Amino acid sequence: MANLYIGLVHYPIMNKHKEVITTAITNYDIHDIARASITYDVSKYFVIHNIPAQRELAATIMEHWQSGFGSTYNPDRKDAFTGVELVNSIAVAVRTIEALEGIKPIIATTDARTYDNTITYARMREHLENDTRPVLVLFGTGYGMTKETMESFDYILEPIYGHGEYNHLSVRSAVSIILDRLRGEAWWNK
């Protein structure tokens, strides 16, 4: 089975005016995605932010749950942060995985649109279950990563479609749905 890594990308991100920006760290994203990551056996969850002060904020949030009041108030949450790592770029996350695994990971991302290199969840799940090359799935914040950044990845996972026409999930929700599709119980075989 291949190891699965994920990253929450804060730069380079698009805003609603299609300008390149850096998005802000949010407590909920760090905390909720860490909990989903440990639930679905993610090898490492990278919080990717290019601004040192924002990484310091993330470290403070994590410290609250790892050794601060949160670690005693709700001790089981401490475990969720064991696999979280703060890095300043996608490239650093990739190099970290290469150092751990001895091979460059397959890099996939997500988007609400399809592309020539869009891959289904079934195909990616099949790779994770039957191959050994690690996979890094990157999640954009804001209005998603820049087109140039997206084009540098191996695959883009197919969009998540709900029952209605509205299609703009929070990144926390998207991560949980995608992790369940890639590593969750195969309920459809029951």
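Re the packing of aromatic side chains
- Within this structure, the stated rule accounts for three aromatic pairs.
- An angle of 25 degrees between the planes, with centres 6.5 Å apart, marks the rings of Tyr-5 and Phe-46 as stacked. Of this pair, Tyr-5 sits in strand E1 (residues 4-9) while Phe-46 sits in strand E4 (residues 44-48); the two residues are 41 residues apart in sequence, bridging distant segments of the chain.
- For Tyr-5, a relative accessible area of 3% corresponds to the buried category.
- Overall, Phe-46 belongs to the buried group, its relative accessible area being 0%.
- Pairing Phe-69 with Tyr-73 gives two aromatic rings, centres 5.4 Å apart and planes at 25 degrees, and the pair type is stacked.

Digging into the packing of helix H1 (residues 27-39) against helix H8 (residues 171-183)
- One can describe the packing of H1 onto H8 by two numbers: an axis separation of 9 Å at closest approach and a directional angle of 10 degrees. Comparing their axes, H8 and H1 come out roughly parallel. Of the residues in H8, those in contact with Tyr-28, Asp-29, Asp-32, Ile-33, Ala-36 and Ser-37 of H1 are Val-171, Arg-172, Val-175, Ser-176 and Leu-179.
- Per-class residue counts for the contact of H1 with H8 are six nonpolar, two polar and three charged.

Observations concerning the pairing of strand E8 (residues 135-140)
- Among the six residues in E8, five count as buried, and that is most of the element.
- One ladder, built from six bridges, connects E1 with E8; its direction is parallel. For Leu-4, the partnering residue across the bridge sits in E8 and is Val-135.
- Pairing of strand E6 (residues 106-110) with E8 involves four bridges; the strand directions are parallel. When the bridges of E8 are listed, Ala-108 appears paired with Val-137.

As for the environment of Asn-117
- Structurally, the position occupied by Asn-117 is in the loop between E6 and strand E7 (118-119).
- Setting aside anything within four residues of it in sequence, one finds Asn-117 in contact with Phe-153, Asp-154, Tyr-155 and Ile-156.
- At a separation of 3.3 Å, a polar atom in the side chain of Asn-117 contacts the main-chain carbonyl oxygen of Asp-154.

Overview of the sheet that holds E4
- On the basis of which strands lie adjacent, the open sheet formed by seven strands has the order E5-E4-E1-E8-E6-E9-E7 and parallel pairing. The open sheet has two edge strands with one neighbour each: strand E5 (84-87) and E7.
- In this structure, E1 lies alongside E4, joined through five bridges in parallel fashion. Note on E4: the bridge partner recorded for Gly-7 is Phe-46.

What counts and how
- Residues numbered from 1 in each chain as written.
- Predicted model: local features only at pLDDT ≥ 70, side-chain atom pairs only at ≥ 80, totals over all residues.
- Heavy atoms only, no water.
- Phe/Tyr/Trp six-rings, centres within 6.5 Å; stacked < 30°, edge-to-face > 60°.
- Helix = DSSP H or I, 4+ residues; strand = E, 2+ residues; numbered from the N terminus.
- Buried < 20%, exposed > 50% of the residue type's maximum accessible area, 1.4 Å probe, protein only.
- Axes fitted to C-alpha atoms, helices over the stretch in contact; angles between N-to-C directions.
- Parallel < 35°, antiparallel > 145°, perpendicular 65-115°, else oblique.
- Contact = heavy atoms within 4.5 Å.
- Nonpolar A, V, L, I, M, F, W, Y, C, P; charged D, E, K, R; others polar.
- Pairing = 2+ DSSP bridges.
- Polar contact = N/O pair within 3.5 Å; in protein donor to acceptor, adjacent residues only side chain to side chain.

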